[in-house]
Amino acid sequence: MSATALRPPRHRADPRAVAWWTVQWLILMAPVAGAAVAAYWFLSERPVWLGCVVAVFAAGCLVLAVGAPRAAYRVERWEVTDQAVYTRKGWLTHTWRVAPMSRIQRVDTARGPIQRLFGLADVTVTTASSAGAVKIEALDHEVAAGLAERLTAITHATQGDAT
C-alpha cells in the first residue's frame, strides 16, 4: 500500500462564479436591507440614531453581498486525481472533503436557471459517507460534463465496493 500525500487542491471555480454568487447574495440581501429600511420608514417615528443604524445595516448587507463571493472565490479549491476527489473551502476554518475513487457511488451534474445564464454547473460526488457528498461548485458547464465523464471512467476502472 502506498502513501499518498494530500496537498492543497489546484483548481478554482470558474471566474464567472463570482458574478453568479454575487447575484445569489443580492437576491438574499437586497430584501433584507429593504425590509430594514421599510420598517424604519413606516414603523417608527424616524429617530436619527435609528436611521443611522438602519443605514449602516443596509450598507453592510450590500457590502457582504459583494464581498463574500470574492472571498469565497479566493479560498475554494478542488482537484481530482486517480485516487480521490477532494475539495477545500472556508476562510477562517478550512474544511477538506475527500472521496476515494473506490468509495464513489454516484456522480451528478446540476445547472440551475441562474447558473445556465452564466454557463456554469456543479458536480456532486456521492459516497457511502454519512458526512454527505463532495460538491464541486461553479465550473464551466463543459468542464463539469468532462469531469463527470472522467470520474465515471475512473470509478468504473477502480477496484472497490463503494459501500
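Located above this text is the structure these notes cover.
Remember, predicted model here, so these are calculated numbers, not experimental data.

(A) Broad picture of unusual backbone geometry. A positive phi angle, near 60°, is found at Arg-46, a position not held by glycine. Inspection of the secondary structure puts Arg-46 in the loop between helix H1 (17-43) and helix H2 (48-75). The phi angle at Ala-138 is positive, at roughly 60°, despite the residue not being glycine. Mapped onto the secondary structure, Ala-138 falls in strand E6 (residues 134-140). Taking the relative accessible area as the measure of exposure, Ala-138 reaches 0% and is therefore buried.

(B) The arrangement of the pairing of strand E3 (residues 95-100) in detail. The pairing of strand E2 (residues 84-89) with E3 spans six bridges and is classified as antiparallel. Counterpart to Lys-89 in the pairing with E3 is Thr-95. The antiparallel hairpin formed by E2 and E3 contains five residues in its connecting segment, where Gly-90 sits at a positive phi of about 110°.

(C) Region of the structure containing the packing of aromatic side chains. Applying the stated criterion across every chain yields a total of two aromatic pairs. Considering the side-chain rings of Trp-20 and Trp-21, the 6.4 Å spacing of their centres and the 35° angle between planes classify their relative orientation as tilted. Each member of the pair, Trp-20 together with Trp-21, is buried. Ring centres 6.3 Å apart and planes at 20° place the aromatic pair Tyr-86 and Trp-96 in the stacked group. Residue Tyr-86 is found in strand E2, and its partner Trp-96 is found in strand E3; the two are separated by 10 residues along the sequence.

(D) Fine view of the packing of H1 against H2. Here H1 crosses H2 at 170°, and the two axes come no closer than 8 Å. On the basis of their axis angle, the class for H1 and H2 is roughly antiparallel.

Definitions and cut-offs
- Residues numbered from 1 in each chain as written.
- Predicted model: local features only at pLDDT ≥ 70, side-chain atom pairs only at ≥ 80, totals over all residues.
- Heavy atoms only, no water.
- Helix = DSSP H or I, 4+ residues; strand = E, 2+ residues; numbered from the N terminus.
- Buried < 20%, exposed > 50% of the residue type's maximum accessible area, 1.4 Å probe, protein only.
- Pairing = 2+ DSSP bridges.
- Phe/Tyr/Trp six-rings, centres within 6.5 Å; stacked < 30°, edge-to-face > 60°.
- Axes fitted to C-alpha atoms, helices over the stretch in contact; angles between N-to-C directions.
- Parallel < 35°, antiparallel > 145°, perpendicular 65-115°, else oblique.

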